[in-house]
Amino acid sequence: MSPVIKRKGERFTIPSKYLLFILTILCITMMLVTFGTNVFNRPFNRVVGYVVIPFQQGIAKTGEWISNRSDELVQIRMLLDENAKLKEEVAALTEENTILQQDKYELNKLRKLVELDEQYGEYEKVGARIISRDSSNWYSSFIIDKGSNDGLADDMNVIAEGGLVGRITSVGPNWSRVTSIISDNSNVSAMTLATEDNLIVSGDLQLMAEGVITFTKLVDSKNAVMEGDKIVTSNISDKYLPNILIGYINTINRDANNLTKSGYITPAVDFEHLGEVLVITDLKQQIDEES
Amino acid sequence: MLRKIIVTVFIFVCFILQCSVFSNLAFAGIIPNLMIILTSSFGFMRGEEEGLLIGFVCGLLCDVFSGDFLGFYALIMMYIGYLNGKFSRIFYPEDIKLPLALIVVSDISYGVLCYSLLFLLRGRLNFPYYFTRVILPEALYTIVITMFLYPLILTVNQKLEAKEKRSAQKFV
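First things first, this report covers the structure right here in the doc. (Residues numbered from 1 in each chain as written. Chains lettered and ligands numbered in written order. Predicted model: local features only at pLDDT ≥ 70, side-chain atom pairs only at ≥ 80, totals over all residues.)

1. So, the overall build of chain B
To be explicit about the condition: Numbering goes from the N terminus for both helices and strands, where a helix is a DSSP run of H or I of at least four residues and a strand is a run of E of at least two. Here the radius of gyration uses the C-alpha set of atoms, whereas the globule reference equals 2.2 Å times the residue count to the power 0.38. Residue burial is a threshold on neighbouring C-beta atoms within 10 Å of the residue's own C-beta, all placed from the backbone, with 20 or more meaning buried, 12 or fewer meaning exposed, and counts in between meaning partly exposed. For the purpose of contact definition, each residue receives a C-beta atom placed from its backbone, and two residues are in contact when these atoms lie within 7 Å.
Across its full length, chain B carries six helices and zero strands. In chain B, the order of α-helices and β-strands from amino to carboxyl end is α-α-α-α-α-α. In terms of overall dimensions, chain B is globule-like: its C-alpha atoms have a radius of gyration of 17 Å, near the 16 Å expected for 172 residues. Along the first, second and third principal axes, the C-alpha set of chain B runs to 60 × 30 × 30 Å. Counting all 172 residues of chain B, 47% fall into the buried class. The long-range share in chain B, meaning contacts at least 24 apart out of those at least 6 apart in sequence, stands at 67%.

This is the structure:
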């Protein structure tokens, strides 16, 4: 009788150490295969999409409903105060708006004069709801309730509150995973809006609690970049569309090599309280092909 | 068959809870690891084989939802389930100390493994920070949840074992 497969009653069973060995090899093969391709991802994502996602959607909806109800009770008084303040602000803003509109009119006229059309047309966007978070404490990613059925695909950019949130890293039929820019394994090629200096923005778990992310490799020989400067995605990034706001420079330090600078950025998006996001369905490559 | 269905339901419910409910109940951004509780308790209650199979399924679920590539968490969880299965010989349902100790040790070793494979290899060398801010809080939170979840798993398992025993006797 072979030692691998022994007869127990009428059923064949494999001893657990052989099972462990077989599954170990299976895991390692899967890791190697999925490291470069996504052959397995598609069937797995499909199965998971039909089994797990509906429950998560349900729980997310109920959770939202409950927190909304409790928030309502707490906030009524606060809202009354805020309402009064906001009314004043609206008056002020309306006035400002009329002035701005005049400026815009003038700007358009001037643009026509120098034949400068709007540099980037409006991107196509799709709204989506966050239904679950990462199951581990190491990286920061979340699941949204739209997927390839709604026209989403890998590497699409995700924004919220006017700032960059991250990009899609995995797509199922009715869900997709968004890896956020504060995640420790994320790097974004970015530039300063004012001086167009390139830099790399990377997430850091150690700084996540302080609400900042790091930037490195800023070449700023003229010392023109200041704290508070706007950081946007750069035009040389191959995954991110250009000129999406990432955040504002918080601190700048000179690196030991005296050539580059690094420091911290305060992201434009509040990642702690994120409920809905917008997915830009234009991909960077498509734009490159058109131009 | 009944056992398979119930264990599958357990895994799905725990995974969904971990991803949606507990992420809203996170303390300082840390969520408990229900998958470890399931894997190691079925490991030491039922033996190596069931431990490693449940670990594999739990890990694969985590992989699909949060890993960069498939098989990473599955591998770690599978070995945790297998090693916990080694303790099934000295496990008694009345004793609560061994399960608690095993779950804490499993969660901490899971954390250390994740740190060394995901972070240390990318040059994040500040181990004390990651240990005190991620691994230890996760283990503590997991233990608090174990107090509620483990008795449930234990009762369900005992009911199932009693049922299996009855049907086996009937068969003989």
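After that view of the structure, there is still more to cover.
2. Focus on the packing of helix α3 (residues 48–66) of chain B against helix α4 (residues 72–85) of chain B
Residue and element names in this part refer to chain B. Short version of the rule: Structural elements are reduced to axes, namely lines fitted to C-alpha atoms, with helices fitted over the stretch in contact, and the angle between N-to-C directions of any two is expressed from 0 to 180 degrees. By the definition adopted for this analysis, an angle is roughly parallel if under 35 degrees, roughly antiparallel if over 145, roughly perpendicular if from 65 to 115, and oblique otherwise. Should the near helix be turned anticlockwise from the far one by less than a right angle, the crossing is left-handed, and should it be turned clockwise, the crossing is right-handed. Gly is placed with the polar residues, together with every amino acid not listed as nonpolar (Ala, Val, Leu, Ile, Met, Phe, Trp, Tyr, Cys and Pro) or charged (Asp, Glu, Lys and Arg).
Orientation of α3 relative to α4, taken along the N-to-C sense of each, is 160°, at an axis distance of 7 Å. Classed by the angle they form, the pair α3 and α4 counts as roughly antiparallel. Read as a crossing pair, α3 and α4 show a hand that is right-handed. Contacts from E48, G51, L52, I54, G55, F56, C58, G59, L60, C62 and D63 in α3 reach F72, Y73, A74, L75, I76, M77, M78, I80, G81, Y82, N84 and G85 in α4. Looking at the contact of α3 with α4 residue by residue, the classes come out as 15 nonpolar, six polar and two charged.

3. So, the sheet that holds strand β10 (residues 213–219) of chain A
Residue and element names in this part refer to chain A. Convention followed: Two strands make a pair as long as DSSP finds a minimum of two bridges between them.
The strand order β8-β9-β10-β13-β12-β11 describes a closed barrel built from six strands, whose pairing is antiparallel. Averaged over all pairs of adjacent strands, the angle between their axes in this sheet comes to 40°, without regard to strand direction. Where strand β11 (residues 230–233) lies against strand β12 (residues 245–254), three bridges are found, and the strand directions are antiparallel. When the sheet's bridge partners are listed, I231 is paired in β12 with G247.

4. Things to note about the nonpolar core
Our working rule: A set of buried Ala, Val, Leu, Ile, Met, Phe, Trp, Tyr and Cys residues, joined through C-beta atoms within 7 Å, is what we mean by a nonpolar core.
Among the nonpolar cores identified, the biggest contains 97 residues, and V201(A), I246(A) and M78(B) are the most heavily contacted of them. Setting aside residues up to four positions removed in sequence, V201(A) forms contacts with I181(A), V188(A), A190(A), I213(A), F215(A), I231(A), I246(A) and I265(A). Among the nonpolar cores identified, the runner-up in size contains five residues, and Y130(B), V134(B), I135(B) and A139(B) belong to it.

5. Some remarks on the interface of chain A and chain B
Size of an interface, as often reported, equals the accessible area lost when the parts are brought together. Facing 36 residues of chain A, the contacting portion of chain B comprises 34 residues. Looking at the side of chain A that touches chain B, the elements with two or more residues in it are α1 (16–36), α2 (41–51), α3 (53–114), β3 (125–133), β4 (141–144) and α4 (205–208) of chain A. No other element matches the 11 residues that α1(A) contributes to the side of chain A that touches chain B. Partitioned by chemical class, the residues of the side of chain A that touches chain B number 21 nonpolar, 12 polar and three charged.

6. Structural notes on α4(B)
Just so we agree on the cut-off: Here a helix's expected span is defined as the number of its residues, less one, multiplied by 1.5 Å.
For α4(B), with 14 residues, the first-to-last C-alpha span of 20 Å sits near the 20 Å given by 1.5 Å per residue. The element α4(B) is extensively covered by neighbouring structure, given that 14 of its 14 residues are classed as buried.

7. A word on the pairing of strand β5 (residues 157–160) of chain A
Residues and elements named next belong to chain A. Every second residue of β5 is oriented toward a common face, with N157 and I159 on one face and V158 and A160 on the other, all of them buried. Of the strand pairs in this sheet, β5 and strand β6 (residues 163–171) are connected by four bridges, and their pairing is antiparallel. When the bridges of β6 are listed, N157 appears paired with R167. Note: β5 against strand β14 (residues 276–280), two bridges, orientation antiparallel.

8. Things to note about the sheet that holds β3(A)
All names here are of chain A. The strand order β3-β4-β7-β6-β5-β14 describes a closed barrel built from six strands, whose pairing is antiparallel. Taken pair by pair, the neighbouring strands of this sheet meet at an average axis angle of 45°, ignoring direction. For β3 and β14, the ladder comprises five bridges, and the chain directions are antiparallel. In the sheet register, G127 faces β14, and the bridge partner there is L278.

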